[in-house]
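Coordinates in review
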Amino acid sequence: MSAALDTGSAGPLLEVEHLTMRFGGLVAIDNVSFDAADREITAIIGPNGAGKTTVFNCLTGFYKPTEGRLALDRGGRPYLLERMEGHDIAHHAGVARTFQNVRLFGNMSVLENLLVAQHNTLMRASGYSVLGLFGVPSYRKAEREAIDLARFWLDRVNLTARADEPASSLPYGDQRRLEIARSMCTRPCLMCLDEPAAGLNPRESADLNRLITDIRDEHGIGILLIEHDMSVVMQISDHIIVLDYGRKISDGTPEQVRNDPAVIRAYLGEEEDEELPPEVAADVAADAAKSGPAGGEGA
Amino acid sequence: MAVLAAEPGAAARGVDWRHVLKESALAAFIALMLTITMVGLRTLDSGGSLIIETRFPEVAVAVLLVFLGRFGLVLTREGMPLPVLIGGVVVAAAGLFLPLPATVLRVMTVAGGIILALRAGWVLWRHSAVTADREARDLAMDRVGASVQRVTRYVAPLAIAFAVALPFIPGLNDRSSIDIATLVLMYVMLGWGLNIIVGLAGLLDLGYVAFYAVGAYSYALLATTFGWSFWLCLPLAGVFAASAGLILGFPVLRLRGDYFAIVTLGFGEIIRVILLNWYDFTNGPDGISSIPRPSFFGLATFTRRPGEGDTAFHDLFGLDYSTVHRVIFLYYLILALALIVNFFSLRVRKLPIGRSWEALREDDIACQALGINRRNIKLAAFTFSAMFGGIAGSFFATRQGFISPESFTFIESAVILAIVVLGGLGSQAGVVLAALLLIGMPEVLRELEQYRMLAFGGAMVLIMLWRPRGLLAHRDPTVTLHGGGRGAKAGEAVAAAGAPAQ
Ligand SMILES: Nc1ncnc2c1ncn2[C@@H]1O[C@H](COP(=O)(O)OP(=O)(O)OP(=O)(O)O)[C@@H](O)[C@H]1O
Ligand SMILES: [Mg+2]
């Protein structure tokens, strides 16, 4: 938690205030406020349909929030995300994201995927492609640098050997890591990861956790993480926000959230127990065993 | 934005026939309600008194068409594009051969069938391109595509050399062969131009002929009204067409998929109708005749007896006068123009703008998440595509010497699109092959002329069955880390270098 102390004075990286998103009559997010700090992993958890992805879609400009303020502080420069266009949020404010169901440029090579992510830098260097048409040296240099950055991230996610293959030919786990690498190539200050571990096997999942914590520690960016696997969430996040039916029901350190009765109720209230995270289930079972039948009312 | 929430793989579900029929019936009912008054009843002025004439067969056909169209679209969406493709071709053929009460119905039926077939073909093509289903057959075909493409790298310079030498090859240098070659090259150029927006950016443009028309009329009007020379008007025609592309681009920016295609189709028709009806300006259906022929770069003319102060081409080079000189000159001109488009396309794929076009084709939502301004790059794709279409149009005008709205019908757009789709996803060589097949063959085998559209449809069905991604669809990376494509790069550079050399 020492990282949190560094930035304590500068204010949070992202301040979400009274965010509300309605789709017709459906209130997908209901007056949610939270902060996310630099160099921290802020996890957003909650049952299916709680509104987690919708929070990301509001942050990255895919939805215009019905109400609320999304203030981002990029190295001292303030941005109000709810007033910006989607591409400007990624380009200027530096908010990158991945998608719940991977969205790669399937027919393009792995390397090309990473170069597309550096579109804005390369466009400027190539004189909006006009000068690039004539192969000016400044563009060649910029392209070499872009390839170097891509190579750095390929090494980082172990995909260098497959750089020239179409992205769609990669196994699922590799596609997930490639999507993260691609977002990092935009040099973001806030990274939003939507269930990055979905569909990964335990070994891949462990690698992914290391990648995410490394990105936080080495690149000093803030990370928002949506994750269903409680063991992962409890292990790597610095701060957890729990949503249920669009409302924030808990907010705090992993320890606080784990013991929050509201969280336990939300997860137990689910009809399908597939949603019950094993850790919480174990805790609840242990609590029940300890305090006996009367314990429920006391909590 | 529902796209974000939508799950892929809708095709895997079974088809809910009741729902499909209900939706089609609803559309047909709405069509009935609209057409019964607007089409079904017509007031006629007969000898001072108004009588009402009924046209119920027309209504019936229109309603049936709407029903079939909706049925086809829903089926396509439900993951059965192939039957729809075949059905569309059958409807178009039926429109050609069945005795229908009015010509307009025939046109509607044929156009409806073709649109439906194109739409289904597009889905087949895109679907297999995006999901990259790893069927063994497709893989094998892809290997064929890859090797053909590799061979193309070495064949391309040879093909260019052949094209350059064509007017001097005995047996092929007669007037009609060169005319056919010029025609094929025109379609190659149009195909390459359209390939930018359809093949690279993945936006289905059904109204490309509009830009062709704008280019042709720009030249024709500038040349006949102000007497400006072809060499001044050629770039101007490009500029006008590009502006038309920009103007169309703005309203359609937010649309995608079907909506985009339909609006471009509408735009194509609007341009044609304006050309037809703005009599004072465009001379309406009479067209514009005696459009000046191009000079030899402003140095000499291709006439037997040049006017005062002009030099004749044959005098300039000390040749005997021959009408073939101009034909050959036009041939070289279109060859050079087409190669410039090719050079542009090959280069631009390696530039950020070209890469973002391809990314847009693959996943436009991811594009936005990476900070790419989709509006601007779509506009750029539209503008460049339109510009090349316009330049081709002004060539068309100067070659024909006469243009009228007849030359810019939807069929023309369909032919150009067929060339691009058949050729394969963004494939430059594929366009040449498809243009040779679709334009060259019917010209050589004149008797086939009346069956041309039928042959088009048949070819489309076959290709979609056999190779939904197009004949030569194989994509090589534009940049490699491990240098796998070094040979490829050298080959393309040679092919590209051919352009300025002309
Ligand atoms: N574009 C939209 N239109 C209408 N409703 C929407 C839209 N997007 C999301 N919703 C609704 O908002 C609610 C929250 O959805 P969201 O995708 O944010 O859930 P989630 O927490 O990400 O769930 P999961 O864990 O399943 O990914 C759901 O009820 C969903 O149906
Ligand atoms: Mg979600």
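Read on for a plain summary of the structure.

**Let's talk about the site of ligand 1**
All names here are of chain A. As a matter of local geometry, ligand 1 sits amid 14 residues, with Asn48, Lys52, Thr53, Thr54 and Gln100 nearest to it. The backbone of Ala50 places a nitrogen or oxygen atom 3.2 Å from an oxygen atom of ligand 1. Measuring from an oxygen atom of ligand 1, one finds a side-chain N or O atom of Lys52 at 2.8 Å. Protein chains bury 70% of the 630 Å² of accessible surface belonging to ligand 1 in isolation. Among the elements of the structure, strand E2 (26-36) and helix H2 (52-59) are those that each provide at least two residues to the shell around ligand 1. Per-element tally for the shell around ligand 1: the top contributor is H2, with 3 residues. Its residues assigned to classes, the shell around ligand 1 shows 5 nonpolar, 7 polar and 2 charged.

**What to know about the environment of Tyr139(A)**
Secondary-structure assignment places Tyr139(A) in helix H6 (residues 137-156). Given the relative accessible area of 4%, Tyr139(A) is considered buried.

**Comments concerning the coordination of the magnesium ion (ligand 2)**
Geometrically, a metal with four donors at the corners of a regular tetrahedron has ideal angles of 109.5 degrees, and one with six donors at the corners of a regular octahedron has ideal angles of 90 or 180 degrees. Residues and elements named next belong to chain A. Summarising the metal site, the magnesium ion (ligand 2) is bound by the protein donors Thr53 (OG1) and Gln100 (OE1), whose distances to it range over 1.8 to 2.2 Å. Linking Thr53 in helix H2 with Gln100 in the loop between strand E6 (95-97) and helix H4 (110-116), this pair joins segments that are 47 residues apart in sequence. Overall, Thr53 belongs to the partly exposed group, its relative accessible area being 24%. Relative accessible area serves as the criterion here: at 33%, Gln100 is assigned to the partly exposed category.

**Regarding the interface of chain B and chain A**
Facing 42 residues of chain B, the contacting portion of chain A comprises 47 residues. At the boundary of chain B with chain A, total buried surface from both sides reaches about 3,700 Å², with 61% on carbon and sulfur atoms. Contact with chain A buries area across many residues of chain B, yet Pro352(B), Leu370(B) and Leu481(B) alone supply 19% of it, more than any other trio. For the pair chain B and chain A, the interface holds 3 salt bridges.

**A short note on the packing of aromatic side chains**
Centre distance and the angle of the planes are the two values used to describe a pair of aromatic rings. Using the criterion set out here, one finds 21 aromatic pairs over all chains in the structure. Aromatic side chains Phe62(A) and Phe99(A) sit 6.0 Å apart centroid to centroid with 75° between the ring planes, which places their arrangement in the edge-to-face category. Taken together, the positions of Phe62(A) in the loop between H2 and strand E4 (67-74) and Phe99(A) in the loop between E6 and H4 put the pair 37 residues apart, joining distant regions of the chain. With respect to class, Phe62(A) is no different from Phe99(A); both count as buried. Aromatic rings pair up to connect Tyr208(B), Phe211(B), Phe260(B), Phe267(B) and Phe382(B) into one cluster. The side chain of Arg103(A) reaches across the aromatic face of Phe99(A), ending 5.5 Å from its centre. Positioned over the ring face of Phe105(A) is Arg182(A), at 4.7 Å from the centre of the ring.

Conventions we followed
Residues numbered from 1 in each chain as written. Chains lettered and ligands numbered in written order. Predicted model: local features only at pLDDT ≥ 70, side-chain atom pairs only at ≥ 80, totals over all residues. Heavy atoms only, no water. Near = heavy atom within 4 Å. Polar contact = N/O pair within 3.5 Å; in protein donor to acceptor, adjacent residues only side chain to side chain. Areas by Shrake-Rupley, 256 points an atom, 1.4 Å probe, with all protein chains shown as cover. Helix = DSSP H or I, 4+ residues; strand = E, 2+ residues; numbered from the N terminus. Nonpolar A, V, L, I, M, F, W, Y, C, P; charged D, E, K, R; others polar. Buried < 20%, exposed > 50% of the residue type's maximum accessible area, 1.4 Å probe, protein only. Donors = N, O, S within 2.8 Å, 3.2 Å for Na, K, Ca; no water. Contact = heavy atoms within 4.5 Å. Buried area = accessible area lost by both parts, 1.4 Å probe. Salt bridge = Lys/Arg side-chain N within 4 Å of Asp/Glu carboxyl O. Phe/Tyr/Trp six-rings, centres within 6.5 Å; stacked < 30°, edge-to-face > 60°. Lys NZ or Arg CZ within 6 Å of the ring centre and 35° of its normal.

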